[in-house]
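Letter by letter, the chains look like this.
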Amino acid sequence: MTQQKHYPQHIDLEPVMHVSGSVRLPGSKSISNRTLLLAALSEGATTIHDLLDSDDTQVMLAALRSLGIEWEQVDERTHVVRGAGGALPVQQADLFMGNAGTAIRPLTAALAVIGGDYTLHGVARMHERPIGDLVDALNAVGAQIEYTGVPGFPPLRIRRGEVKPDRMAVRGNVSSQFLTALLMAAPLMATDHAVTIEVVGELISKPYIEITLNLMRRFGVTVEQDGWQSFTVQPGQRYLSPGSIHVEGDASSASYFLAAGAIAGGPVRVEGVGRDSIQGDVRFADALEQMGATVTRGENWIEAKSNGVLKAIDADFNHIPDAAMTIAVAALYADGTSTLRNIASWRVKETDRLAAMATELRKVGATVEEGADYIRITPPQQLQPATIDTYDDHRMAMCFALASLDGKARRGNAMRINDPKCVAKTFPDYFEAFAKIARNGVF
Ligand SMILES: O=C(O)C1=C[C@@H](OP(=O)(O)O)[C@@H](O)[C@H](O)C1
Ligand SMILES: C=C(OP(=O)(O)O)C(=O)O
């Protein structure tokens, strides 16, 4: 279990002249929480290596325990989950979901299909994050899900329904996690007939669906795919434990270190994720290459180093919404104005990330234009030291650490990051890892 860490109210990051070294990444959040749920729904025990240990996985582990799923941590890097074969031993539970989208969305679908009497709630921000498209999709085919607060948002009360559709439809343009949730629950519905899930409208964040399909396959269920429009699960497929499974390092967490290498010398190597990763966020490295950095990819590592000043970028980042935040801060070091497009989903994540990013980038001196679904960033001549607010958003804290990199030879005042404990959502040791690659004064 997580060691309770002590975090100060703020962290002052002195200007860092040069970065180099290597960082072993924590496990992927997206793979960890999917693997935990699939292992719980499977027949047989699953040994999971290198599971992420952070707030988001702790809420999933605690929820599974409350639902009667047995699991244990056998050593620092190994968990064993005993699957209940698609049933849940406990039929009544109150589940705290923190702010973990990868916990509440998939669990809502699984619990609604399996049936029981459950309440799901989270931190205040979770109650502002939409879930209506998922609830509508499930209730339209016989689920019994009610809102106990504001319609369209958690908290939710789930009662036993009868969910055996042959077709269902879900909107894809607010969060791909709704489709992920239905896909993972589909084999539980497809007991004697096929289930087809249709996506209504544009599907965002598509690479996360690939993670879902890949992991379902490893747990014995194949999904027939017709483009990004429709997904069919044939009947009679059950989740079967693969025996053991390894969780890749987190590609979104990798972005901060790769960007640091691209901005301030490098090389910086991240270990745990490589060229064959199943995570879409490895394509963050392509964006760094487009900005002029040199990236090298191995089987289980990626490395980035700088080639002088970064080039400004103008690109669509819909496929990597999380790692795109890192590009927004890297844009402070570019040779002109950068535009990040098609990122409307930023508004409904841990905070309104478009607004938060614009506010904090302006504090360090950037000129920023914030649109409904884009952000345009013109760097200042010289970065201003500032006190960065993080809005209880791990990624705000992690990407603004990069503003301490002294690409423009500013000396003197520190960059202050308020409330650094928010990194615990996905990367509790982030600032220690960041300090490891910082080489002050040795350029
Ligand atoms: O399925 C997943 O693991 C995730 C999907 C993405 O969300 P959206 O589909 O809401 O963009 C991403 O931002 C989130 O951090 C993790
Ligand atoms: C959007 C994120 O998280 P969640 O899984 O809670 O949606 C994120 O980690 O950036």
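As recorded in an unreviewed UniProt entry, the chain goes by 3-phosphoshikimate 1-carboxyvinyltransferase and comes from Massilia horti.

**Things to note about the confidence of the model for the chain**
When pLDDT is averaged along the chain, the result is 96; 97% of the residues meet or exceed 70. The complex prediction reports pTM at 0.97, with the ipTM value standing at 0.99.

**A word on the domain arrangement of the chain**
We note that the domain assignment places domain 1 (10-27 + 248-437) and domain 2 (29-233) within the chain. Of note, the centres of domain 1 and domain 2, computed from C-alpha atoms alone, are 30 Å apart. On the side of domain 2, 25 residues touch domain 1, which itself brings 27 residues to the contact. Surface buried jointly by domain 1 and domain 2 totals about 1,900 Å² across both partners, of which 50% is contributed by carbon and sulfur atoms. On the domain 1 side of the contact with domain 2, Ile278, Val348 and Lys425 bury the most area, a combined 32% of that side's loss. At the junction of domain 1 with domain 2, the criterion picks out 1 salt bridge. A salt bridge links lysine 425 to aspartate 56, with the nearest nitrogen and oxygen atoms 2.8 Å apart. Summed over the shared surface of domain 1 and domain 2, the result is 13 residue pairs in polar contact (both at pLDDT 80 or more). Taken together, the residues of the side of domain 1 that touches domain 2 sort by class into 7 nonpolar, 9 polar and 11 charged.

So, how was this worked out
- Residues numbered from 1 in each chain as written.
- Chains lettered and ligands numbered in written order.
- Predicted model: local features only at pLDDT ≥ 70, side-chain atom pairs only at ≥ 80, totals over all residues.
- Heavy atoms only, no water.
- pLDDT = per-residue confidence, 0-100.
- Domains from an automatic or database assignment.
- Contact = heavy atoms within 4.5 Å.
- Buried area = accessible area lost by both parts, 1.4 Å probe.
- Salt bridge = Lys/Arg side-chain N within 4 Å of Asp/Glu carboxyl O.
- Polar contact = N/O pair within 3.5 Å; in protein donor to acceptor, adjacent residues only side chain to side chain.
- Nonpolar A, V, L, I, M, F, W, Y, C, P; charged D, E, K, R; others polar.

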